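The chain contents come next:
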Amino acid sequence: MKKLLLAATLVLTCLPASADILGISVGASAGASRVDYKGNTDTGYEYGIDGTYHINDIFSVNVGIVQGSADVDDDISSFKNDIDYTAVPITLRGDLPLLIGSLYAKAGTSYYDVDISNASFKDDGWGFTGGAGFVLTLIPLIDLTLGYEYRDMGEVENNAVVLGVGFRL
């Protein structure tokens, strides 16, 4: 029993040192989104995964994939436009370290693919993306994030509040 306790103590004391060896983290997020199309707005959901390369304690490069959906009213008919979107954001993020986490802001570009079923409209291309939020570091390997995301996807704008969890490798 003493050997097991000693081994567990050694492993736990090594965690802070091993958290920044690779400078890479992966995560998943989900949240509520507000989608705006032709002046009409409705709420939906989105979820995604992402990867981050930490250049240092302040700057990092992020890439991910996000999928979401919302039903937005149509101006012409009583039907709702079923909007499904996929985005691949690539951002540069700056963190302001705090005692138990950090505040962050990020900006970059996003490749998007939007499909609006009722309007028989499809669009893809590149647009601006940005966001801000708070990261709570539970232990040096696990982060919880509460953030705001914005994406310009051509005729569709997306604002989302997301909750994420990340693991440092």
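Residues numbered from 1 in each chain as written. Predicted model: local features only at pLDDT ≥ 70, side-chain atom pairs only at ≥ 80, totals over all residues. Heavy atoms only, no water.

As named in an unreviewed UniProt entry, the protein is Porin family protein, taken from Photobacterium indicum.

Details of the pairing of strand S4 (residues 80-97)
Here 13 bridges tie strand S3 (residues 59-73) to S4, and the two strands are oriented antiparallel to one another. When the sheet's bridge partners are listed, Gln-67 is paired in S4 with Thr-86. With antiparallel pairing between neighbouring strands as the criterion, S4 and strand S5 (residues 101-116) make up a hairpin whose turn holds 3 residues. (Pairing = 2+ DSSP bridges. Helix = DSSP H or I, 4+ residues; strand = E, 2+ residues; numbered from the N terminus.)

Considerations on the layout of surface pockets
As a volume, the largest pocket reaches approximately 850 Å³. Around the largest pocket sit 49 residues that line it, and His-54, Arg-93, Val-135, Asp-143 and Thr-145 are the ones nearest its centre. Of all elements in the fold, only strand S1 (24-37), strand S2 (40-54), S3, S4, S5, strand S6 (121-139), strand S7 (142-153) and strand S8 (156-168) reach the threshold of two or more residues within the lining of the largest pocket. Here the lining of the largest pocket takes 7 residues from S3, the largest share from any one element. (1 Å grid on protein atoms, 1.4 Å probe; cavity = no way out; pocket = protein on both sides within 12 Å on 5 of 7 lines; lining within 4 Å. Points joined across faces, edges and corners; volume = space filled by probe spheres on them.)

Regarding the environment of Gly-108
Turning to its location among the elements, Gly-108 is positioned in strand S5. Distance in space between the C-alpha atoms of Gly-108 and Leu-92 is 6.2 Å, their sequence separation being 16 residues. With sequence-adjacent residues up to four places away left out, Gly-108 is seen in contact with Ile-90, Thr-91, Gly-127, Phe-128 and Thr-129. (Contact = heavy atoms within 4.5 Å.)

Overview of the packing of aromatic side chains
All chains considered together, the criterion is met by 4 aromatic pairs. Consider the rings of Tyr-111 and Trp-126, whose centres lie 5.5 Å apart with planes at 65°: the pair is edge-to-face. With a gap of 15 residues between them, Tyr-111 in strand S5 and Trp-126 in strand S6 connect regions that are remote in the sequence. Ring plane angle 45° and centroid distance 6.3 Å describe the contact between Phe-128 and Tyr-150, whose orientation is recorded as tilted. Here Phe-128 is found in strand S6, whereas its partner Tyr-150 is found in strand S7, with 22 residues between them in sequence. (Phe/Tyr/Trp six-rings, centres within 6.5 Å; stacked < 30°, edge-to-face > 60°.)

A word on the nonpolar core
Grouped together as the largest cluster of nonpolar side chains are 12 residues: Val-35, Tyr-37, Val-66, Ala-70, Val-72, Ile-83, Tyr-85, Tyr-112, Val-114, Ile-116, Met-153 and Val-156. In this structure, Ile-116 is in contact with Tyr-37, Asn-81, Asp-82, Ile-83, Phe-121 and Val-156, ignoring residues within four places of it in sequence. (Core = buried A, V, L, I, M, F, W, Y, C linked by side-chain atoms within 4.5 Å. Buried < 20%, exposed > 50% of the residue type's maximum accessible area, 1.4 Å probe, protein only.)

Looking at the sheet that holds S7
The strand order S1-S2-S3-S4-S5-S6-S7-S8 describes a closed barrel built from 8 strands, whose pairing is antiparallel. Across the sheet, the axes of successive neighbouring strands diverge by a mean angle of 20°, strand direction being ignored. Bridge analysis of S6 against S7 gives 10 bridges, and the strand direction is antiparallel. Residue pairing for S7: Ala-132 is matched across the bridge by Tyr-148. (Axes fitted to C-alpha atoms, helices over the stretch in contact; angles between N-to-C directions.)

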